[in-house]
Amino acid sequence: MLDWGWMADHLPVLADKTGQHLELTVIALVIGFLISFVVGVIAYRWPGAYPPAAIFAGVIFTIPSLAMFSALVPITGLSILTAEIPLVLYTLVILLRNIVAGLRSVPRDVVEAADGMGFGRSRRLVRVELPLAIPLIVAGLRVASVSTIGLVVISGTLGVSFGGLGFFIFEGIQRGFPTEIYFGAVPTIVLALAADRFFVLVESLATPWSRSRARGGAT
Amino acid sequence: MSAAARAATVEFRHVTKSYDPVALRKGAPGAVNDLSLTVPAGRICVLVGPSGCGKTTSLKMVNRLIEPTGGEILIDGVDAATRELSELRREIGYVIQQVGLFPHQSIAENVATVPRLLGWPAARRRERADELLALVGLDPVRYRRRYPAQLSGGERQRVGVARALAADPPILLMDEPFGAVDPIVRERLQNELLRLQEELAKTILFVTHDIDEAIKMGDLVAVLQTGGILAQFGPPAEILAAPASDFVAQFVGTDRGLKRLSLARVADLPPRSAITARDGDPAGPARERIRADPFPYLLLVDADGRPIGWLDQDEIPLDGSLHAEQAIPMSPLLNRRTTLKDALSMLLEADVQTGILVDRTGRAMGLVTAGMIADWLRDDGRPLATSDVTPRVETAAAAVRA
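For every chain, the first residue of the written sequence is number 1, and numbering continues from 1 along that sequence. For this description, chains carry letters from A and ligands carry numbers from 1, given in the order in which they are written. Reporting in this predicted model follows two pLDDT cut-offs: at least 70 for local features of residues, and 80 or more for side-chain atom pairs to be given and counted; totals over whole chains, interfaces and linings ignore these cut-offs and use all residues.

Trainee: Lay out the sheet that holds strand β2 (residues 32–39) of chain B in plain terms, naming residues and giving numbers.
Mentor: Residue and element names in this part refer to chain B. Pairing between two strands requires that DSSP report at least two bridges joining them. Each helix is a run of DSSP H or I of at least 4 residues and each strand a run of E of at least 2, with the numbering of both proceeding from the N terminus. Read from one edge of the open sheet, 4 strands run β2-β1-β4-β5, paired in antiparallel fashion. The open sheet has two edge strands with one neighbour each: β2 and β5 (78–79). Here, residues touch in the contact sense if the C-beta positions derived from the backbone fall within 7 Å of one another. Here the axes come from fitting lines to C-alpha atoms, over the contacting stretch only for helices, and the angles between their N-to-C directions go from 0 to 180 degrees. Along the sheet face, helix α2 (residues 55–62) touches β1 (10–17), β2 and β4 (70–75) and points at about 120° away from the line of β1.

Below, the structure is given as structure tokens:
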């Protein structure tokens, strides 16, 4: 069945590809988050700006990833941009929606109380609205990270210097060598699960008040 | 706290708020039409009326959450529109029905919100938060580290009041502050606010749709009607006694007489003395005295002057002495602080519908009859000239005999 010896021999390559996979994922998430954050805050403050931004991000999301990676090659060549541009674009629809939904989920009375006490707009955003939007924003990051980890695999179609763990999957398919396919697929799944757990932990650390709520119920 | 004025005068001058048709379709709050009224410093003014009467709009124009279309609001003579917005709001405490505590901040942080905006050092903020929690009846040690979600509705609203008072603002705006808590908690919070107010003497604008709450809380009550028209403005007793229009009369309710009774106390009635005799006194002279009085009952008291019971003038023996066993016990005992509403209720329930006014030591001081209370109501609660007193008592006695 599986060729355990082959796997043992290729552990250093696995570490290398896992590192690359993470790197492509983190860059895409950070840039995607920064863009979504700025657009999301603008769309929250000026609600008229939200529909066009959401439609733009939604339309991009419908483009097949395989097609988008290939379509960029004539423009950006085989640089890292060719991989990152689609990865970033695919995060936008998830992150933007969640950031705006998070900000809009802040209860009306809380916002009104903040206004009535003389918070300015920006202070209200930083001290009240963003902290309360954290659960939905982090929920967006969870989904976006899992989806990006999957898409990094597809970027392997661009060549051996892309794709992270996807390298093994594509090579394994080419060679008809199942061990190598598993060698790429299983760590990808583990990575996605780990990313998901990571953001659950981040949310819990960033929102101490929601942990106390559960405790407070008994008192 | 600074030595600045602890309360400020709030004056509405021809204040108008109108909405364009688009805003109206979107469900804009009530409009306000040429509202002029002055709330003197340190008083509670309740804005009351049906929904859509503009009471909340009027309140929110004071801290400019809503900007007036016309007219001006003066705070200690200064037009609020000329003030820097955040600065103005930090000087006005704001309490709303849903409280609006920050779920992500501890109770102490919530209370110290405005001090933090004003840049107080952390140690002073903590001290102030503890002080205010104690003031609203929450133990700082138990509560300061909790989060709002861990508190009951009543506790949350106490924190809301503490937060509004944190920077010792001269004005407090309260928008249906007790509307979301159950009736028992509401009454307790109302009483505590009145107790606090005796100490703090803030200028409070208080919005409610509940006329009973308005009467209870207000030094002054402004009754607004749909369209933001001021229907009547005055002390609650005046509004109940002399409603300015059919609308006000209907809004205060057909039981406004009973409501007035809850505002007045036995001390407000003209005094009416009782014919008394002591236990063991000779019967003959007592019988003569009571026959000369229009009220047909003799009040038997003990050696210390405390009431024992009534003797019907026809039942008093011609000679011998008076005994406690002959007396019909007991009438309701009232004191000068008993509200007329409570007094009337006690009288209606009692076998003898005449109450005995007693002093602090329990000695009988006089009588209170249902008729006297009815007369007080009929006379619109106006304080009586001395010459009015005598005939009124006769009427009261006649009413009881009838």
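Moving on from the model shown.
Trainee: Please set out unusual backbone geometry residue by residue, giving values where relevant.
Mentor: All names here are of chain B. Of note in this structure, H14 is not a glycine but carries a positive phi near 50°. Mapped onto the elements of the fold, H14 is located in strand β1. Here the C-beta atoms are placed from the backbone, and a residue counts as buried if at least 20 other C-beta atoms lie within 10 Å of its own, exposed if 12 or fewer do, and partly exposed otherwise. Residue H14 is classed as exposed on the basis of its C-beta count, with 12 C-beta atoms lying within 10 Å. The phi torsion at E176 lies on the positive side, around 45°, for a residue other than glycine.

Trainee: Which residues make up the interface of chain B and chain A, and what values go with them?
Mentor: Every contact between the two is made by 20 residues of chain B and, on the other side, 19 residues of chain A. Contributions of two or more residues to the side of chain B that touches chain A are made by α3 (85–90), β6 (92–96) and α5 (113–117) of chain B. When its residues are assigned to classes, the side of chain B that touches chain A shows 10 nonpolar, 7 polar and 3 charged. Residue polarity is assigned by list, with Asp, Glu, Lys and Arg as charged and Ala, Val, Leu, Ile, Met, Phe, Trp, Tyr, Cys and Pro as nonpolar; anything else, Gly included, falls into the polar class.

Trainee: Give me the lowdown on the sheet that holds strand β11 (residues 276–278) of chain B, citing residues and values where you can.
Mentor: By definition, the strands of a sheet pair up through backbone hydrogen bonds, in either a parallel or an antiparallel sense. Residues and elements named next belong to chain B. Spatial ordering of the open sheet is given by β11-β12-β13, a layout of 3 strands whose pairing is mixed. Edge strands, defined here as strands with exactly one partner in the open sheet, are β11 and β13 (307–312). Shown here is a sheet whose adjacent strand axes are inclined to one another by a mean of 35°, direction ignored. Judged from the 5 bridges that link them, strand β12 (residues 297–301) and β13 form a sheet pairing that is antiparallel. Residue pairing for β13: L298 is matched across the bridge by L311.

Trainee: Explain the environment of G371(B) to me, using residue names and the numbers behind them.
Mentor: Turning to its location among the elements, G371(B) is positioned in helix α16 (residues 370–378). Sequence separation between G371(B) and T354(B) is 17 residues; the distance between their C-alpha atoms is 9.1 Å.

Honestly, it's all geometry; don't read function into it.
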